[in-house]
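Structural description and commentary
What follows is the residue order along each chain.
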Amino acid sequence: MGVLASGRGTNLQSIIDAVESGFLKERIVAVVSDIAAAFALERAKKHGIEAIFIDPKKYPSRAEFDSALLKILKDKSVDLVCLAGFMRVLGAEFVREFKGRIINIHPALLPAFPGLHAQKKALEHGVKFSGCTVHFVDEGVDTGPIIIQAVVPVLDGDSEGTLADRILRLEHKVYPLAIKYIAEAKLRLEGRKVYFSDAAGIEASTSAINPMGA
Ligand code: GRF
């Protein structure tokens, strides 16, 4: 796996922990960030994972940035690209190269509230439930085929922070789970639909509130 992250990297940490505990059999071969000071890079180093900063300022266009990133991942024979709070939109060519092999986690029940500030938008809209979505990445922003969703209630007293925390606790459970299903080839992508080959996967992908005991 190659993990792309721009920020603090708590989702990255959940993947590292899942690898170190043996829940995932795959390895993270590199963590790549477009932000030099991203704490995600520190987390990688601490766990002996190669941490790479790729400076967007060095690349005049998005296409050039994307192809530099692509080269890094290909050189390392990355099979699965996991976006974990990566704040740049990847271009169509990059996405094509890794079609069906790039995933992202988003802190809302897509297709509701794509893009930035998903938790704030959910609160402002007044939804009673929100959650998180792991999805394949396509050319759009948060539009790709949905793999797993998990639901949390939105409570009357919630602030953006309390809702984000409740969702984040669930993100840390469902992201490694989605990776496991992909790694074990227990799901198949047909058009924009994802089908699971076992009952556990079906249950996980359609989980109810706090499905994994969060
Ligand atoms: C998470 O909320 C994730 O859903 C979104 O970006 C945030 C990243 O947080 N895509 P972290 O850096 O993994 O802590």
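The structure reproduced in this document is the subject of the present report. Being a predicted model, the structure only gives us computed values, none of them experimental.

**Focus on the site of the ligand**
Taken together, Arg8, Gly9, Thr10, Asn11, Gly85, Ile105, His106, Pro107 and Glu171 make up the full set of residues adjacent to the ligand. In the environment of the ligand, a nitrogen atom lies 2.8 Å from a nitrogen or oxygen atom belonging to the backbone of Ile105. Taken by itself the ligand offers 370 Å² of open surface, and the protein chains cover 86% of this. Of all elements in the fold, only α1 (10-20) and β5 (102-106) reach the threshold of two or more residues within the shell around the ligand. The class makeup of the residues in the shell around the ligand is 2 nonpolar, 5 polar and 2 charged.

**A look at helix α3 (residues 62-75)**
The α-helix winds at 3.6 residues per turn, so residues separated by three or four positions along the chain end up facing the same way. The end-to-end C-alpha separation of α3 is 20 Å, in line with the 20 Å expected for 14 residues at 1.5 Å each. Along α3, the residues that are buried comprise Phe65, Asp66, Ala68, Leu69, Leu70, Ile72 and Leu73. Lining the buried residues of α3 we find β1 (2-4), β2 (30-33), β3 (51-53), β4 (81-83) and α4 (92-97). Positive phi shows up at Ser77, right after α3, with a value of about 55 degrees.

What counts as what
Residues numbered from 1 in each chain as written. Predicted model: local features only at pLDDT ≥ 70, side-chain atom pairs only at ≥ 80, totals over all residues. Heavy atoms only, no water. Near = heavy atom within 4 Å. Polar contact = N/O pair within 3.5 Å; in protein donor to acceptor, adjacent residues only side chain to side chain. Areas by Shrake-Rupley, 256 points an atom, 1.4 Å probe, with all protein chains shown as cover. Helix = DSSP H or I, 4+ residues; strand = E, 2+ residues; numbered from the N terminus. Nonpolar A, V, L, I, M, F, W, Y, C, P; charged D, E, K, R; others polar. Expected span 1.5 Å × (residues − 1). Buried < 20%, exposed > 50% of the residue type's maximum accessible area, 1.4 Å probe, protein only. Contact = heavy atoms within 4.5 Å.

On their own, these measurements won't tell you what the molecule is for.
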